[in-house]
Amino acid sequence: MAFTEHEYRYEERGGTAVSSRELGIDEHIVIKTLVMEDERKQPLIVLMHGDREVSTKNLARQADRKTVTPCAPDAAQKHTGYLVGGTSPFGTRKTMPVFLERTIAELERIFINGGRRGFLIALAPADLIRVLSPTLVDVSM
């Protein structure tokens, strides 16, 4: 998979607003890796535009779950092996279903966490889809 590496100065709780500012890119193409869990405490990953939020109600419906809620930081770290703020959808400790906001697939290039705080990789969404085989959903708000 072809990608480029991009380091930036990480700020606690800064999120995609900081990474996009530091790298001089549109926050819309910075993709958040969100770890959530269903009603049975089973984890799942949601990939969302940095400037959008996830409708957990719509996600639950489209993922055929009763409910979906964000994981607590310690649970997210346990499931992924990554510190919150450095969570990548690649190489997670547990295999989890991945859900991708459909409009991300339409972008030419995206920036997503490479596995540590202050480190993003840029790649074509088609490569991410080929490697992760996510379920496409419409859950942004």
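Residues numbered from 1 in each chain as written. Predicted model: local features only at pLDDT ≥ 70, side-chain atom pairs only at ≥ 80, totals over all residues. Heavy atoms only, no water.

Novice: I would appreciate a short explanation of the pairing of strand 3 (residues 43-49) in the present structure.
Specialist: Looking along a regular strand, one sees the side chains alternate between the two faces of the sheet. With seven of seven residues buried, strand 3 is to be regarded as a mostly interior element. Between strand 2 (residues 30-38) and strand 3, which pair antiparallel in sequence order, lie four residues; one of them, Lys41, sits at a positive phi of approximately 65°. Across three bridges, strand 3 lies against strand 5 (residues 98-101) in parallel orientation. For Leu47, the partnering residue across the bridge sits in strand 5 and is Leu100. (Buried < 20%, exposed > 50% of the residue type's maximum accessible area, 1.4 Å probe, protein only. Helix = DSSP H or I, 4+ residues; strand = E, 2+ residues; numbered from the N terminus. Pairing = 2+ DSSP bridges.)

Novice: I'm lost on the pairing of strand 5 in this one. Help?
Specialist: Burial along strand 5 is two-sided: the residues Val98 and Leu100 and Phe99 and Glu101 are all buried. Note: strand 5 against strand 8 (residues 135-137), three bridges, orientation parallel. Bridge assignment links Glu101 to a residue of strand 8, and that residue is Val137.

Novice: Looking at this structure, how should I read the packing of aromatic side chains?
Specialist: We describe a pair of aromatic rings using the distance from one ring centre to the other and the angle between the two ring planes. By the definition in use, this model includes zero aromatic pairs. We note Arg116 situated over the ring of Phe119; from NZ or CZ to the ring centre the distance is 4.4 Å. (Phe/Tyr/Trp six-rings, centres within 6.5 Å; stacked < 30°, edge-to-face > 60°. Lys NZ or Arg CZ within 6 Å of the ring centre and 35° of its normal.)

Novice: When you look at helix 1 (residues 15-23) in this model, what are you seeing that I'm missing?
Specialist: For the α-helix, the turn length of 3.6 residues means that residues three or four positions removed from each other point alike. Every buried residue of helix 1 is accounted for by Thr16, Val18, Ser19 and Ser20. Residues of helix 1 that are buried make contact with strand 2 and strand 7 (119-123). Immediately downstream of helix 1, the backbone of Gly24 shows phi near 70°, a positive value. (Contact = heavy atoms within 4.5 Å.)

Novice: In this structure, what is going on with the pattern of salt bridges? I would like to understand it.
Specialist: Two side chains that carry opposite charge are able to pair once their charged atoms sit near each other. Within the structure shown, the criterion is met by 13 salt bridges. Of the charged contacts in the structure, one is a salt bridge between Glu12 and Arg117, with a shortest N-O distance of 3.8 Å. Here the residue Glu12 occupies a position in the loop between strand 1 (4-7) and helix 1, and Arg117 occupies one in the loop between strand 6 (110-116) and strand 7, the gap between them amounting to 105 residues. We note a salt bridge from Arg40 to Glu39, for which the minimum N-O separation is 3.9 Å. (Salt bridge = Lys/Arg side-chain N within 4 Å of Asp/Glu carboxyl O.)

Novice: Help me out: how do you make sense of the layout of surface pockets in this one?
Specialist: Which parts of space are left empty comes out when a probe the size of a water molecule is rolled across the atoms. There is about 840 Å³ of room inside the largest pocket. In this structure, the largest pocket is lined by 34 residues; those nearest its centre are Lys32, Thr33, Leu34, Val84 and Gly85. For the lining of the largest pocket, the secondary structure elements donating two or more residues are helix 1, strand 2 and helix 3 (73-80). If you tally residues by element for the lining of the largest pocket, the top one is strand 2, at seven residues. (1 Å grid on protein atoms, 1.4 Å probe; cavity = no way out; pocket = protein on both sides within 12 Å on 5 of 7 lines; lining within 4 Å. Points joined across faces, edges and corners; volume = space filled by probe spheres on them.)

Novice: Help me understand the nonpolar core, please; the structure alone is not making it clear to me.
Specialist: Note that soluble globular proteins tend to have their nonpolar side chains buried in a common cluster. The biggest cluster of nonpolar side chains holds 23 residues, and the ones touching the most others in it are Leu47, Phe90, Ile110, Ile112, Leu123 and Leu128. In terms of residue count, the dominant contributor to this core is strand 7 (five residues). Residue contacts for Phe90: discarding those within four places in its chain leaves Met1, Tyr82, Ile112, Ile121, Leu123, Leu128, Val131 and Leu132. In this structure, Val46, Met48, Val54 and Val139 belong to the second largest nonpolar core, which totals 12 residues. (Core = buried A, V, L, I, M, F, W, Y, C linked by side-chain atoms within 4.5 Å.)

Novice: What should I look at first to understand a nonpolar patch on the surface in this one?
Specialist: On the surface, Met1, Phe3 and Val131 cluster together into a nonpolar patch covering about 260 Å² of accessible area. Position of Val131 among the secondary structure elements: in helix 4 (residues 125-132). Val131 sits in the partly exposed class, given a relative accessible area of 41%. (Patch = residues over 30% accessible without salt bridge, like charges linked within 9 Å, V, L, I, M, F, W, Y side chains within 5 Å. Areas by Shrake-Rupley, 256 points an atom, 1.4 Å probe, with all protein chains shown as cover.)

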